[in-house]
Amino acid sequence: AAAAAAAAMEAREALRDVRGALRAVLARVREGEPGEGREPFELPRFWDALGQTFQVTSQEATKLSLAFSRPPLPSAEDCRKLSEDVQNAILAVATVYYWLPKGQGTTLRKMVRDATTEVVEGMIQLTDTILNAPVESLSQEQLISTGGVWEACEQVSNLPRDNQAAVASALAACLGVVKDAVEEMDHALMEGQDPYGDIMEDEELGFRGNRDTYWSEADRQLLNSCMGLMKASKACLKKVLGAVKAYGKADSPEQIAQLDDLADIANEISPSVDELALSMYPPVNPLAVRLNAAKLASVLKKVLEIAKTSHVCPPSEEGWVQFLNDAVDHNMNKIKNFTQGQL
């Protein structure tokens, strides 16, 4: 019994060491800068290597989990070996991630970094779970944690393979969020007079007719132009995404940088749409609405400007850029007119 207790102590000790080492790797992946490689960087080689390290990590997670899923516990020697293998697998993942230079695109790097971070976090979670579980049994948490590592490791096959694909995927994600916001707002305006009707049953709350829960006619005129601006945001993302898919390239540093600029500014659209939408609920403060509308309008103009001057907009695409620019101006001017008396 004493020997078993000593073995359990040693096993835990080894796992704690691994967890500490993995946390250090995680911190480095989160903050670290890419290594500027000495040899010329090759994207296909990078993906092969990353895929392999993710696969090995998945296998090590399985081995670790199985070793601690039933008695007897692994011997001190086996434990050291297991710990070393887990640590090496995670170090290999981090090392390959570091190969990816910034020049390949910051949007791509961020996505690879997120995937790498998830794998390391998954492995930390698994060691945590094993450390916190009773030794004799395979707990539900341990099964879930092991599955979590597998899933994180499988993500590598879904990652965009270059910055053009990465930026297209980032724009598609923004578009999804903006679509939802537009639908929600459209729905609230269609619902009729009371956007809070779903929350407030008048009988229960015993009050009615409070203008703070209603849109006045003047509010509605102003909000229609805000909807115009929100719909322009959706159209803008849709068109830019189409252009990136059709014409985007990641062959030269200049093309890669232009795509990153587009992704960076497009990322500002959905928070700006959200802020505008929030200010549209009653009681409406027209100046707050105008301020948020102006901020969204300036983000949209910037997106269109960056798209227009980049390689994703050949002359054939200039028509919609102009059209959307005009739509933004038109709605913004109406918003200014409606709120002029408030200034």
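Named according to an unreviewed UniProt entry, the chain is CCDB1 protein originating from Grallaria varia. The record in UniProt for the chain states the following under Sequence similarities (unreviewed entry): "Belongs to the CCNDBP1 family."

A.B. asks: What's the story with the nonpolar core in this structure? I'm lost.
C.D. replies: Note that soluble globular proteins tend to have their nonpolar side chains buried in a common cluster. Within the largest apolar cluster, 53 residues are counted, with the highest numbers of intra-cluster contacts made by Leu229, Met230, Val244 and Ile269. Of all elements in the fold, only α6 (163-190), α8 (217-247), α9 (253-266), α10 (269-280), α11 (286-308) and α12 (318-339) reach the threshold of two or more residues within this core. In terms of residue count, the dominant contributor to this core is α8 (13 residues). Contacts of Ile269, omitting those with residues within four sequence positions, involve Val178, Ser233, Leu237, Leu296, Val299, Leu300 and Val303. Core analysis: the second largest hydrophobic core is formed by 44 residues, Leu22, Val119, Val149 and Ala166 among them.

A.B. asks: Please explain the packing of α9 against α11 as it appears in this structure.
C.D. replies: How two helices pack is summed up by the angle between their axes together with the distance between the axes. α11 packs onto α9 with a crossing angle of 170° between their chain directions and a minimal axis gap of 9 Å. In terms of axis orientation, α9 runs roughly antiparallel to α11. Taking contact as the criterion, the partners of Asp261, Leu262, Ile265 and Ala266 in α9 are, on α11, Val299, Lys302, Val303, Ile306 and Ala307. The class makeup of the residues in the contact of α9 with α11 is seven nonpolar, no polar and two charged.

A.B. asks: Whenever I open this one, the side chain of Arg19 confuses me. Can you help?
C.D. replies: Along the chain, Arg19 falls in helix α1 (residues 2-31). Ignoring sequence-local partners within four residues, the contact set of Arg19 consists of Ile124, Thr127, Asp128 and Leu131.

Conventions adopted
Residues numbered from 1 in each chain as written. Predicted model: local features only at pLDDT ≥ 70, side-chain atom pairs only at ≥ 80, totals over all residues. Heavy atoms only, no water. UniProt positions renumbered as here; feature names shortened; annotations may be inferred. Core = buried A, V, L, I, M, F, W, Y, C linked by side-chain atoms within 4.5 Å. Buried < 20%, exposed > 50% of the residue type's maximum accessible area, 1.4 Å probe, protein only. Helix = DSSP H or I, 4+ residues; strand = E, 2+ residues; numbered from the N terminus. Contact = heavy atoms within 4.5 Å. Axes fitted to C-alpha atoms, helices over the stretch in contact; angles between N-to-C directions. Parallel < 35°, antiparallel > 145°, perpendicular 65-115°, else oblique. Nonpolar A, V, L, I, M, F, W, Y, C, P; charged D, E, K, R; others polar.

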